[in-house]
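Each chain is listed here by its residues.
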Amino acid sequence: MMFKDSAELVFKEKIPKGRAAWRSPSNIALVKYWGKHGVQLPRNPSVSFTLSESYSETSIAYRPRSADDKDSFAFLFDAKEEPAFADRIGKYLQEVTSIFPFIDQLHLDIRSRNSFPHSSGIASSASAFSALALCLCSIEYQCFGTLEEDTAYRKKASYVARLGSGSASRSIFDTAALWGQHGEESASSDEFAIGVKDRIHEVFHSYGNAILLVDSGSKSVSSSAGHRLMEDHVYAQVRYAEARKNLLQLMQALQQGDTERVGSLIEVEAMQLHAMMMASRPYVILLAPNTLKIIQLIQEFRRSTHLPVFFTIDAGPNIHLLYPQEHRSDVLAFIEDVLGQYCLRGSWIDDRVGNGPIQID
Ligand code: PMV
């Protein structure tokens, strides 16, 4: 059995009260996860950098549930009610009750906030579900003394986060994570991510990641609908094979500190993700005109400066500009002088690779 028998995780005597709180970052996929099956299992393995400045903070205050409780939980986002988020969390809590049966005996008061604007077009599901999963594991630890060992704790948190959002499984780890089974990666699994910081050259441990906000509009396709488009996609098998190949090459380049090679692989991955969307039935275009303009400008910047500054893109129009810290001043000047005018009201987030989640008061 992967985790402690869940039948043992119920209160047999007095039901306690307490509180758990975590700050958990978003992450940016370098090799993209696109296509899933079963219960949130990936069709191909992925690798990501953990971010630093884009995070969610979530707290759960728990107490015995009483007959007077109309609901099993309360949820506030930014101190306000958000029925759509509360709905998703309600469904998620029901799903994870088989893993944490004690949830049924508790009332949970959940509060959450993001460090980045909710409407900025940044996917918040990775930070939100990883923070929530970490809180649930903390409650298990506080009440049952389980998960004492850090590796076991993170493995379970990653597994539980995955059930909320696949990419959330990767946010649990310092610097970089790999999620999804790969024959050449012995510890890899479809069920949880693993931390790979110790296999990554130091130059990437503090890598810069400027998030250029091109458009904040709500996505025309949800990520679940996007994954579904891969189900009968004519290029699906080719894409999954490409992702496996790219992952091996990327892990090698990350280890060697080869910023050029890493850069060219992550750009190919971003373009393949969007090529899949554009070749789906129905097709989806998530890139905005200014996304393409910024891509062209990055290519020109690279040609003229020979600096290893590359981009990746998630399932949306925003650009993540990745760069070594030693070139930070050149990159900031490039954003201020050239790229900023193509961002929504000039806005961008000065993020970097970070150390993963932390427990907070
Ligand atoms: O975790 P989801 O279901 O929101 O899917 C994430 C998909 C991408 O962000 C496009 C790629 C990835 O690996 O994060």
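Residues numbered from 1 in each chain as written. Predicted model: local features only at pLDDT ≥ 70, side-chain atom pairs only at ≥ 80, totals over all residues. Heavy atoms only, no water.

Caption draft 1: The overall build of the chain, seen in detail. A tally of regular secondary structure across the chain gives 8 helices and 13 strands. For the chain, whose C-alpha radius of gyration is 21 Å, the value lies close to the compact-globule estimate of 21 Å for 361 residues. Counting every position in the chain, which comprises 361 residues, the buried fraction comes to 54%. Long-range pairs, those at least 24 residues apart, make up 76% of the contacts in the chain with a sequence separation of at least 6. When the accessible surface of the chain is split by element, carbon and sulfur atoms take 49% of a total near 16,100 Å². Of the charged side chains in the chain, 37 are positive and 43 negative, and the gap between their average positions amounts to 3 Å. (Helix = DSSP H or I, 4+ residues; strand = E, 2+ residues; numbered from the N terminus. Rg over C-alpha atoms; globule rule 2.2 N^0.38 Å. Buried < 20%, exposed > 50% of the residue type's maximum accessible area, 1.4 Å probe, protein only. Contact = heavy atoms within 4.5 Å. Areas by Shrake-Rupley, 256 points an atom, 1.4 Å probe, with all protein chains shown as cover. Lys, Arg positive; Asp, Glu negative; His and termini not counted. Charge placed at Lys NZ, Arg CZ, Asp CG, Glu CD.)

Caption draft 2: Region of the structure containing the packing of aromatic side chains. Evaluation of the coordinates by the stated rule reveals 13 aromatic pairs. Between F102 and F144, the ring centres sit 5.4 Å apart and the planes meet at 40°, which makes this aromatic pair tilted. A residue pair is termed long-range when its members are at least 10 positions apart, and F102 in the loop between α1 (83-96) and β6 (106-114) and F144 in helix α2 (residues 125-144) qualify at 42 residues. Three or more aromatic residues joined by ring pairs form one cluster here, namely F11, F100, F102 and F144. Of note, R23 hangs over the ring of Y55, and the distance from its end group to the ring centre comes to 4.2 Å. (Phe/Tyr/Trp six-rings, centres within 6.5 Å; stacked < 30°, edge-to-face > 60°. Lys NZ or Arg CZ within 6 Å of the ring centre and 35° of its normal.)

Caption draft 3: Geometry of the environment of N290. Along the chain, N290 turns up in helix α7 (residues 289-305). Taking the C-alpha atoms as reference points, N290 and E242, 48 residues apart in sequence, are found 28 Å from one another. Beyond its immediate sequence surroundings of up to four residues, N290 is in contact with V214 and Y342.

Caption draft 4: Examining the domain arrangement of the chain more closely. You can read the domains of the chain as domain 1 (6-200) and domain 2 (203-352). Here the C-alpha centre of domain 2 lies 25 Å away from the C-alpha centre of domain 1. Between domain 1 and domain 2, the contact holds 35 residues from the first and 42 residues from the second. Across the salt bridge formed by D314 and K32, the nearest N and O atoms sit 3.4 Å from each other. For the interface between domain 1 and domain 2, the tally reads 14 residue pairs in polar contact (both at pLDDT 80 or more). Within the side of domain 1 that touches domain 2, the residues separate by chemical class into 15 nonpolar, 12 polar and 8 charged. (Domains from an automatic or database assignment. Salt bridge = Lys/Arg side-chain N within 4 Å of Asp/Glu carboxyl O. Polar contact = N/O pair within 3.5 Å; in protein donor to acceptor, adjacent residues only side chain to side chain. Nonpolar A, V, L, I, M, F, W, Y, C, P; charged D, E, K, R; others polar.)

Caption draft 5: Representation of the pairing of β6 in the model. Relative to β6, strand β4 (residues 46-64) runs antiparallel, the two sharing 9 bridges. Within the sheet, the bridge partner assigned to S59 lies in β6 and is R111. Examined bridge by bridge, strand β5 (residues 73-77) and β6 share 5 bridges and lie parallel to one another. Its bridge partner being in β6, A74 is matched across the sheet by D109. (Pairing = 2+ DSSP bridges.)

Caption draft 6: Representation of the site of the ligand. Near the ligand lie 14 residues; those nearest to it are Y33, S167, R170, S223 and H227. Contact between the ligand and S167: an oxygen atom at 2.7 Å from a side-chain N or O atom of the residue. Calculation on the ligand without its partners gives an accessible area of 380 Å², and the protein chains cover 92% of this total. Grouping the amino acids of the shell around the ligand by side-chain chemistry returns 5 nonpolar, 6 polar and 3 charged. Shared between two domains, the shell around the ligand holds at least three residues of each, these being domain 1 (6-200) and domain 2 (203-352). (Near = heavy atom within 4 Å.)

Caption draft 7: Fine view of unusual backbone geometry. Omega for the bond connecting R281 with P282 falls within 30 degrees of zero, at 0°, which places this linkage in the cis form. Considering the arrangement of structural elements, one finds P282 in the loop between α6 (259-278) and α7. Of note, the phi angle at A79 is positive, near 65°, even though the residue is not glycine. As for its placement among the helices and strands, A79 is situated in the loop between β5 and α1. Positive phi outside glycine occurs at T175, with the angle close to 70°. Relative to the elements of secondary structure, T175 occurs in the loop between α3 (150-164) and β7 (176-179).

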